[in-house]
Amino acid sequence: VLLNFLDKIKALQKNPANVRNLCILAHVDHGKTTLADSLVASNGIISSRLAGKLRYLDSREDEQIRGITMKSSAISLHYKDYLINLIDSPGHVDFSSEVSTAVRLCDGAIVIVDAVEGVCPQTQAVLRQAWLENIRPVLVINKIDRLIMELKLTSQEAYTHLQKILEQVNAVTGSLFTSKVLEDRAVKEERAEEDKEEGDIKPAECPGSEQVYDWSAGLEDSDDSQLYFSPDQGNVVFASAIDGWGFSIQQFAQIHSQRMGIRAEVLLKTLWGDFYLNAKAKKIMKGAHAKGKKPLFVQLVLDNIWSLYDAVVTRRDKEKIEKMMMSLGVKVMTRDSRHSDPKVLLSAICSQWLPVSQAVLFMVCDKLPSPLDMTSERIERLMSVGARRFHSLPLQTQELKTAFMQCSSDDTAPVIVFVSKMFMVDAKALPQNKQSEGVSGQMQGLPLKAKPEEEEEKETFVAFARVYSGVVRRGQKVFVMGPKYDPAQGLRMVRIVSACLPPVPHLACCTMDSLYLLMGRELEELEEVPSGNVLGIGGLEECVLKSATLSTSPALPPFIPLNFEATPIVRVAIEPKHPSEMPKLVRGMRLLNQADPCAEVLIQETGEHVLVTAGEVHLQRCLDDLRERFAKIEISASKPIIPFRETVIRPPKVDMVNEDLGKQQKVAVIHQVKESDTLHLDPSGLVTLTTPNRQATVGVRAIPLPEEVTLLLEGSADLIRTLEQAGQAQREGRTLDMSTWTLDALMVLKSRLEVLLQGRKWRNAVDRIWAFGPRRYGPNILLNSVEGYQRPSVWHCLEREKGEKEGGAKAEASAIRDFDNSVVSGFQLATLSGPMCEEPLMGVCFSVERWDMNFPTQRTHLDSVTEKDSNSLDASVSESPGEAVGQQGASGKAGGAGETPSQAEGAMAGASHGRLVDCYGPFSGQLIAAVKEACRHAFQAKPQRLMAAMYTCEIMATAEVLGRVYGVLGKREGRVLQEEMKEGTEMFIIKAVLPVAESFGFADEIRKRTSGLASPQLVFSHWEVISSDPSWVPTTEEEYLHFGEKADSANQALKYMNGVRRRKGLYVEEKIVEHGEKQRTLSKNK
């Protein structure tokens, strides 16, 4: 039977017009896997009795225990002449990365909505993911039996309720559509502006006509007929997957048209909507709601289902059941009709009368596009990665668009494959090993038996992929395009796929060892797979980490990266129980990193192995996987490492008890910094620090950045990194090719910064930016406010046409530029670990207002060193800033402190050789250390605060448990933003923000306190300043009254800060003994 099934699937694969690639998307627990079971049962892979109980596509043990899907898995089914590649995806927010991997490979999606809960947060998220990938959704409203059995609605009320759910879903798609149309219009207008500037514009397109173009005009022009869900369009199915029934309006239109003698087309249009049947006139009339009549949908559809439930489940009326079965023409086995559970009889009747698999599969084949219908817009989006627009790609690359559109399986067509994730399979589960096991079982020889056991230990990776063009054959060689691969560069160097590739950056070559048909828990081996199909590929683990683009043509650019909704934020440090097993752990973590699309594995500076995951459930799954599958050793994980950021704020106006603060607060903050002979602090917050050898003095002031600027810098990290690379290249005398799009984006970033940094203290600040930090692209700024120091701006790569002017400026500044890099390195070190608890800084601007170098007199004749030398010096300093920082910092602190001025003079006496020694010598290290210390002291001279990572938390709860939900939120420092009641239900949706530090065990606690009636969804949102001052202690009488002698209500920021300091082994200021006057032993003083 299996061979026949496989042959049938192979034959169907060759006709892409009849292939449907689709995934099932929904909120957690809305019935995706149960529906998938019904569809799998329709192909006879599992028994229809077990559909919904078996959860066939949940093949992991922990998925079965928890009852949620944790990974996307695929299965191929056939229906009539169609091949359906079905991918079941998780609904839990922690695993939304798995949804992204599934959506990329599909052309359509089944969106499932629970009839009771309606549109939930994750429903909106998956609709958005489907929208971003340009795939067409159809809707299944599931769990309608809950309206009858749980909510006890009448058929009329249920109809109103279903209408509301449809409106909610359509509102989400409508808002996505509107925003897209408006975006497109903005792009069009930009292009028109550019054309106008170039003088290409026609008189008809004058600005006057542009004014008339109001925002709705774009919406009216665009076609949204396919966009909305409506039963009369045939893209909605009403179902109860657990009871095995589902229907679309077409089925009932067919049934009733014969009975009533009304044409099926008329019934199709009137079955859903405000129509009723006038029995006397035998006509369908409009206005059922106004006249208080039953709508057709209630009368002809819902009433039948309600009466069936009433007879079978509620009353168990045998006579009525017999009559119904007669009229429906349904035959039921005797054991079903006599079963003690009425649901068994119900699903036996329903699965024959209205089988859910037939309704869903018919809708899928009818409404969802085949691989041939791929839109050109989607192809262009896939191919224009990062900074490049489709039209700026090489011509050969643009020609590949036709290969996508034709989806051809000719031998001449280029092979294009996208791998969306790698998943691990036991070697013994692979089809080629199953046969060998059977043979070795028959031969009872002992030496033969030992071999499969060794192989058992092995686990291999299979790539989850889709063919977009050409035929993939076993053993075929293909290129693997890395995410930064540039087709223009590749085309110049490569022509054919060969083993000996010239060294093209980001391009590798590999062989597809084996091809598999994905059948849920099973894999079946294939020789070739034609275009438009989903498949598994073996033998790519060496070349592909998580996802990749494969092709036989070097002209293909890498596809745009998958967009993940959840950001990994929860970190734990991992170590083996027995230190000798460290190599196994390292290997296991490498495998985990490859197998999980969202998990990240890092080794920190401290040498700890850190695992970063999206949430608690995800973390638990990763740790279980490490223990049982990847490392197979005992491991111990630390408590979650919660990231914080440090920042400064403007001096607050009121204190902790809302009393008005005078100037004394400012002075008090300033005096916290201890002055010394080399460190001076003036009342305005300017810190002046002299290096130990008294040869340089640095003056630094810390200024808080506006919140909008911090957010902008954080969001533009990639752009700033590109800018830094361009600056680096320019200093080294190279040129970095940047696309026009990147240059435009940098110009936009610069202009936005100029708009946001307004006011007297930020005058010309954007042009004076010296560096960003930490790691040269973070959300902190180093400003050059040194009088008379005109260093080139960080934006100078944007001003290529001003080359000569720059050259002049360079010559002028070159005398000081010797140690420019040391100042930047000191700033980078200061921003990487702040003074409060060694966490990175965020939203701080350090303005260098003074930088004096007083070298001894012998130095004067060195200034005649040629310009060329000094430039080459700068280049060499900036070549390896990372290494320089570490070594120089160390040498500066060690050697610089005890050095006398006369020794320094000796080092510099002599010609240009002396200067070289000095540029890399102890003085550079001293300057780095001085800048770092100055930045830290300047930071402490301002009111300092911690920033905590925050989750947005969406909770659905019934009215009776609202109080308990608020109790849990309040206890964990949560803040409720809004609470609204869901129309047509008794559910409330609460939106709140919650610190990540307080979120561990939050979901479990809420479920326990509310007896499982409320479940939260946590998604990382933003960084937020904790308002309390960590260094605050009560001083005034009022504060003592309010907070008690030792500030009895715990200072939240201090608690977090001490927690981080304790974890890092830093000094924590706390009393170990509280009342040390007298020890009392309880036994004596009774």
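An unreviewed UniProt entry lists the chain under the name Elongation factor-like 1, from Oncorhynchus mykiss.

Undergrad: Before we move on, could you go through the overall build of the chain and cite the residues and values that matter?
TA: For the chain, the helix and strand inventory stands at 39 helices and 34 strands. The buried share of the chain, taken over its 1086 residues, is 52%. Here the chain displays about 51800 Å² of accessible surface, and carbon together with sulfur accounts for 52% of that area.

Undergrad: How would you sum up a positive patch on the surface? Please name residues and give values.
TA: On the surface, K428, R587, R590 and K632 cluster together into a patch of positive charge. You can see R587 is positioned in helix α23 (residues 582–595).

Undergrad: Requested: an account of the side chain of D114, with residues and values cited.
TA: In this fold, D114 is placed in strand β4 (residues 108–114). Here D114 falls in the buried class, since its relative accessible area comes to 0%. Here the side chain of D114 touches V116 through a polar contact of 2.8 Å, landing on its backbone nitrogen. Side chain to side chain, D114 and R146 meet in a polar contact 2.9 Å long. If sequence neighbours within four positions are ignored, D114 has contacts with D29, H30, N142, K143, R146 and I165.

Undergrad: Now, about the packing of helix α4 (residues 96–104) against helix α5 (residues 121–132): what can you tell me, with residues and values included?
TA: Interaxial distance between α4 and α5 falls to 10 Å at its minimum, and their mutual angle equals 30°. Here α5 runs roughly parallel to α4, going by the angle between their axes. As for the relative orientation of α4 and α5, their crossing is right-handed in sense. Between α4 and α5, the residues in contact are S96, V99, S100 and V103 and Q122, V126, Q129 and A130, respectively.

Undergrad: Can you lay out the packing of aromatic side chains for me, pointing to particular residues and giving the numbers?
TA: Summed over the entire model, instances satisfying the criterion amount to 23 aromatic pairs. On the numbers, 6.1 Å between centres and 10° between planes, the contact of W245 with F247 is stacked. When sorted by exposure, W245 lands in the same class as F247, which is buried. What links up through ring pairs into an aromatic cluster is the set Y159, F238, W245, F247, F252, W272, F297, Y309 and W353. Across from the ring centre of F418, 5.0 Å away, lies the NZ or CZ of R104, which sits over that ring. Against the face of Y777 rests R721, its NZ or CZ located 4.1 Å from the ring centre.

Undergrad: So what's going on with the packing of helix α26 (residues 707–715) against helix α28 (residues 740–756)? Residues and values would help.
TA: Running from amino to carboxyl end, α26 crosses α28 at an angle of 165°, the nearest separation of the two axes being 10 Å. Classified by the angle between their axes, α26 and α28 sit roughly antiparallel to one another. When the axes of α26 and α28 are compared, the crossing they make is left-handed. Each of E708, V709, L712 and L713 in α26 lies in contact with α28, whose residues at this interface are L749, R752, L753 and L756.

Undergrad: Summarise the pairing of strand β16 (residues 522–526); cite the residues concerned and give the values.
TA: Note that strand β15 (residues 514–519) and β16 share five bridges and pair antiparallel. Residue pairing across strands places Y516 opposite E525, the latter belonging to β16. Where β15 hands over to β16, the hairpin turn is made up of two residues, of which G520 adopts a positive phi near 70°.

Undergrad: Summarise the sheet that holds strand β25 (residues 679–681); cite the residues concerned and give the values.
TA: In any sheet, the strands associate via hydrogen bonds between backbone groups, in a parallel or an antiparallel arrangement. Pairing is mixed in the open sheet, where six strands are placed in the order β25-β26-β27-β30-β29-β28. A strand with exactly one partner marks an edge of an open sheet, and here the two such strands are β25 and β28 (769–773). In this sheet, adjacent strand axes meet at a mean angle of 20° when their direction is disregarded. Across four bridges, the pairing between strand β29 (residues 780–784) and strand β30 (residues 844–853) is parallel.

Undergrad: Pulling in residues and values, what's your account of the sheet that holds strand β22 (residues 609–613)?
TA: Read from one edge to the other, the open sheet built from four strands follows the order β21-β22-β20-β23, with strand pairing classed as antiparallel. Each edge of the open sheet carries a strand with a single partner, namely β21 (600–603) and β23 (635–637). Strand-to-strand twist across the sheet, computed as the mean angle between neighbouring axes with direction ignored, equals 30°. Here β21 pairs with β22 via four bridges, running antiparallel. Looking at the pairing, I603 lines up with H609 of β22.

Undergrad: Report on the nonpolar core, specifying residues and quantitative values.
TA: Counting 105 residues, the largest nonpolar core has I537, L540, L550, L611 and I955 as its most contacted members. Ranked by the residues each element gives to this core, the list is headed by helix α17 (residues 356–367), at seven residues. Apart from residues lying up to four places away in sequence, I955 is in contact with V965, L969, F988, I989, I990, F1002, I1006, A1014, S1015 and P1016. Counting 58 residues, the second largest nonpolar core, distinct from the first, contains A253, I262, L302 and A348.

Undergrad: Outline unusual backbone geometry, supporting the account with residue identities and numerical values.
TA: In this model, G773 is joined to P774 through a cis peptide bond whose omega is 0°. Relative to the assigned elements, P774 resides in the loop between β28 and β29. Here D29, not a glycine, exhibits a phi torsion of approximately 70°, which is positive. Relative to the assigned elements, D29 resides in the loop between β1 (19–26) and α2 (32–41). Judged by relative accessible area, which is 48%, D29 ranks as partly exposed. Here S1011, not a glycine, exhibits a phi torsion of approximately 55°, which is positive. Inspection of the secondary structure assignment puts S1011 in the loop between α37 (1002–1009) and β34 (1015–1025).

Undergrad: Got a sec to walk through the side chain of T613? Specific residues and values, please.
TA: Mapped onto the fold, T613 is located in strand β22. Those residues in contact with T613, other than ones at most four positions away along the chain, are P568, I569, V570, H618, L619 and C622.

Undergrad: With reference to specific residues and values, describe the confidence of the model for the chain.
TA: Mean pLDDT over the chain: 81, with 81% of residues reaching 70 or higher. For the stretch residues 437–456, pLDDT sits under 50, and the model shows five contacts to residues farther than four places along the chain or on other chains. Of the regions scoring below 50 in pLDDT, residues 801–816 engages in 14 contacts with residues more than four places distant in sequence or in other chains.

Undergrad: Help me get a handle on the pattern of salt bridges, residues and values and all.
TA: On inspection of all chains with the given rule, the structure shows 38 salt bridges. The partner of K1064 in a salt bridge is E839, with the nearest N and O atoms 2.6 Å apart. Of this pair, K1064 sits in helix α39 (residues 1052–1064) while E839 sits in the loop between α30 (820–832) and β30; the two residues are 225 residues apart in sequence, bridging distant segments of the chain. When the shortest N-O distance is used, the salt bridge between R1007 and D1004 registers 3.7 Å. Here the residue R1007 and the residue D1004 both occupy positions in helix α37, the gap between them amounting to three residues, near one helical turn. Classification of R1007 as partly exposed rests on a relative accessible area of 36%. Each of D114, K143, R146 and E150 takes part in one network of salt bridges that share partners.

Undergrad: Describe the environment of R136, and please don't skip the residues or the numbers.
TA: Positionally, R136 belongs in strand β5 (residues 136–142). Residues R136 and L227 lie 91 residues apart in sequence; the distance between their C-alpha atoms is 8.2 Å.

Undergrad: Talk me through α2; I want residue IDs and the actual numbers.
TA: The buried fraction of α2 is high, at 10 of 10 residues. Taken together, the buried positions of α2 are occupied by K32, T33, T34, L35, A36, D37, S38, L39, V40 and A41. Buried residues in α2 make contact with β1, β2 (73–79), β3 (82–88), β4, β5 and α17.

Undergrad: How would you explain the environment of M324 if you had to name every residue and give the values?
TA: With respect to the helices and strands, M324 occurs in helix α14 (residues 318–328). Its relative accessible area of 16% is what places M324 among the buried residues. Sequence spacing of M324 and A311 is 13 residues, and the spatial spacing of their C-alpha atoms is 9.2 Å. In this structure M324 touches S307, L308 and A311, once residues within four positions along its chain are discounted.

Reading the values: rules and limits
Residues numbered from 1 in each chain as written. Predicted model: local features only at pLDDT ≥ 70, side-chain atom pairs only at ≥ 80, totals over all residues. Heavy atoms only, no water. Helix = DSSP H or I, 4+ residues; strand = E, 2+ residues; numbered from the N terminus. Buried < 20%, exposed > 50% of the residue type's maximum accessible area, 1.4 Å probe, protein only. Areas by Shrake-Rupley, 256 points an atom, 1.4 Å probe, with all protein chains shown as cover. Patch = residues over 30% accessible without salt bridge, like charges linked within 9 Å, V, L, I, M, F, W, Y side chains within 5 Å. Salt bridge = Lys/Arg side-chain N within 4 Å of Asp/Glu carboxyl O. Lys, Arg positive; Asp, Glu negative; His and termini not counted. Charge placed at Lys NZ, Arg CZ, Asp CG, Glu CD. Polar contact = N/O pair within 3.5 Å; in protein donor to acceptor, adjacent residues only side chain to side chain. Contact = heavy atoms within 4.5 Å. Axes fitted to C-alpha atoms, helices over the stretch in contact; angles between N-to-C directions. Parallel < 35°, antiparallel > 145°, perpendicular 65-115°, else oblique. Left-handed = near helix turned anticlockwise from the far one by under 90°. Phe/Tyr/Trp six-rings, centres within 6.5 Å; stacked < 30°, edge-to-face > 60°. Lys NZ or Arg CZ within 6 Å of the ring centre and 35° of its normal. Pairing = 2+ DSSP bridges. Core = buried A, V, L, I, M, F, W, Y, C linked by side-chain atoms within 4.5 Å. pLDDT = per-residue confidence, 0-100.

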